[in-house]
Amino acid sequence: MPLLINRLLPGFHEQYPNIRLEIRAEDEFIDIVEGGFDAGIRLGHVVEMDMVSVWLTPPDEYLVVCAPSLLARYGKPQKIEDLQKLPAVLISRHNQTVHSWTLTQNGQPIKVKVDGPLIINDPLSLIQAGLRGVGMIYTVRSLVAHYLAQGQLETVLESNARSVPGLSIYYPSRHQSLPKLKAFVNYATAHLRNGISADDFLAEQPR
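Quick look at the structure, then. Just so it is clear, the structure is predicted and the values come from calculations on it, not from any experiment.

Details of the sheet that holds strand β8 (residues 118–120)
Okay, so step 1: Spatially, three strands are ordered β5-β4-β8 in an open sheet, and the strand pairing comes out mixed. Lying at the two open borders of the sheet, with one neighbouring strand each, are β5 (96–97) and β8.

Written out as structure tokens, the structure is:
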């Protein structure tokens, strides 16, 4: 959500003052047609057969990060199994707590079970908990790039990170001729495919 607001607003409204946007954040897949939405944005490009998908951002990767203070207390994991020795901040999706993280080893996906003292269903709150040293967090690099650059978070087992596609905007094929949707898609692709910075993912811009 911060990326869309930081990169697309207010520029989009300056260029198209007569178009009103409604942005709703959901951490779960929803039926955009049933919900009455013109389009949705998600990681990856796999969508239903009657949908059109247009990529917006470059590929990303899921990785484990945590605050330096946490590593000072527990030591830095040297192999994937070591992650089970550190507390993790777990995320909840579809009312289910995710207890495993998928990393890679020798080019193959490998899952590791983790546990910890906190369960969160909001990605931004997840990052805040990680910054406070509550536990390790598992997230996409782009969301924490600023904090990594500032030294507020450190990567753990970076060579085992899992590559994922970037963000895509998707919409019903029958809607692709709608002028307002076409204007937004064109603007979004032009402003998100290139020149994204680590700070674009922050809810509050640094001073």
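Re the packing of aromatic side chains
Okay, so step 1: A complete count under the given rule lists five aromatic pairs for this structure.
Okay, so step 2: Arranged with centres 5.5 Å apart and planes meeting at 80°, the rings of F12 and F184 form a pair that is edge-to-face. A residue pair is termed long-range when its members are at least 10 positions apart, and F12 in helix α2 (residues 11–15) and F184 in helix α6 (residues 179–192) qualify at 172 residues. Accessibility classification places F12 together with F184 in one group, the buried group.
Okay, so step 3: Taking the centre distance of 4.9 Å and the plane angle of 25° together, the rings of Y62 and Y138 count as stacked. Residue Y62 is located in strand β3 (residues 60–66), and its partner Y138 is located in strand β9 (residues 137–140); the two are separated by 76 residues in the primary sequence. For the residue pair Y62 and Y138, the accessibility class agrees, reading buried in each case.
Okay, so step 4: Among the aromatic residues, those joined into a ring-pair cluster are F12, Y16, F184 and Y187.
Okay, so step 5: The cationic tip of R42 hangs over the ring face of Y170; the distance from NZ or CZ to the ring centre is 4.2 Å.

Quick notes on the sheet that holds strand β2 (residues 51–55)
Okay, so step 1: Strand order across the open sheet formed by three strands is β1-β12-β2, with antiparallel pairing between neighbours. Because the sheet does not close on itself, it has two edges, and the strands there are β1 (40–43) and β2. Strand-to-strand twist in this sheet, taken as the mean axis angle between neighbours without regard to direction, amounts to 30°.
Okay, so step 2: The pairing of β2 with strand β12 (residues 167–172) spans five bridges and is antiparallel.

Let's talk about the nonpolar core
Okay, so step 1: Core analysis: the largest hydrophobic core is formed by 20 residues, its most contacted members being V64, L83, W101, M136 and V156.
Okay, so step 2: The dominant element in this core, judged by the number of residues it contributes, is β3, at three residues.
Okay, so step 3: Other than its neighbours up to four places away in sequence, L83 contacts V64, P77, L103, V112, M136, V156 and L157.
Okay, so step 4: If you look at the next biggest cluster of nonpolar residues, it comprises 18 residues, including L3, L8, L181 and A188.

Focus on unusual backbone geometry
Leaving glycine out, the prevailing phi sign among residues is negative, and the prevailing peptide bond configuration is trans.
Okay, so step 1: Look at N106: it is not a glycine, yet its phi comes out positive at around 55°.
Okay, so step 2: Of note, N106 is situated in the loop between β6 (100–105) and β7 (108–113).
Okay, so step 3: Judged by relative accessible area, N106 falls into the exposed class, the value being 75%.

Considerations on the pattern of salt bridges
Okay, so step 1: In the structure shown here, the tally under the stated rule is seven salt bridges.
Okay, so step 2: Of the charged contacts in the structure, one is a salt bridge between E22 and R24, with a shortest N-O distance of 3.2 Å.
Okay, so step 3: A salt bridge links E158 to R141; the nearest nitrogen and oxygen atoms lie 2.7 Å apart. Pair noted here: E158 is in the loop between β10 (154–156) and β11 (162–164) and R141 is in helix α5 (residues 141–150), with a separation of 17 residues, a long-range link.
Okay, so step 4: Taking the relative accessible area as the measure of exposure, E158 reaches 41% and is therefore partly exposed.
Okay, so step 5: Judged by its relative accessible area of 23%, R141 falls in the partly exposed class.
Okay, so step 6: Residues joined in a network through salt bridges with shared partners are E61, R141 and E158.

Thresholds applied
Residues numbered from 1 in each chain as written. Predicted model: local features only at pLDDT ≥ 70, side-chain atom pairs only at ≥ 80, totals over all residues. Heavy atoms only, no water. Pairing = 2+ DSSP bridges. Helix = DSSP H or I, 4+ residues; strand = E, 2+ residues; numbered from the N terminus. Phe/Tyr/Trp six-rings, centres within 6.5 Å; stacked < 30°, edge-to-face > 60°. Buried < 20%, exposed > 50% of the residue type's maximum accessible area, 1.4 Å probe, protein only. Lys NZ or Arg CZ within 6 Å of the ring centre and 35° of its normal. Axes fitted to C-alpha atoms, helices over the stretch in contact; angles between N-to-C directions. Core = buried A, V, L, I, M, F, W, Y, C linked by side-chain atoms within 4.5 Å. Contact = heavy atoms within 4.5 Å. Salt bridge = Lys/Arg side-chain N within 4 Å of Asp/Glu carboxyl O.

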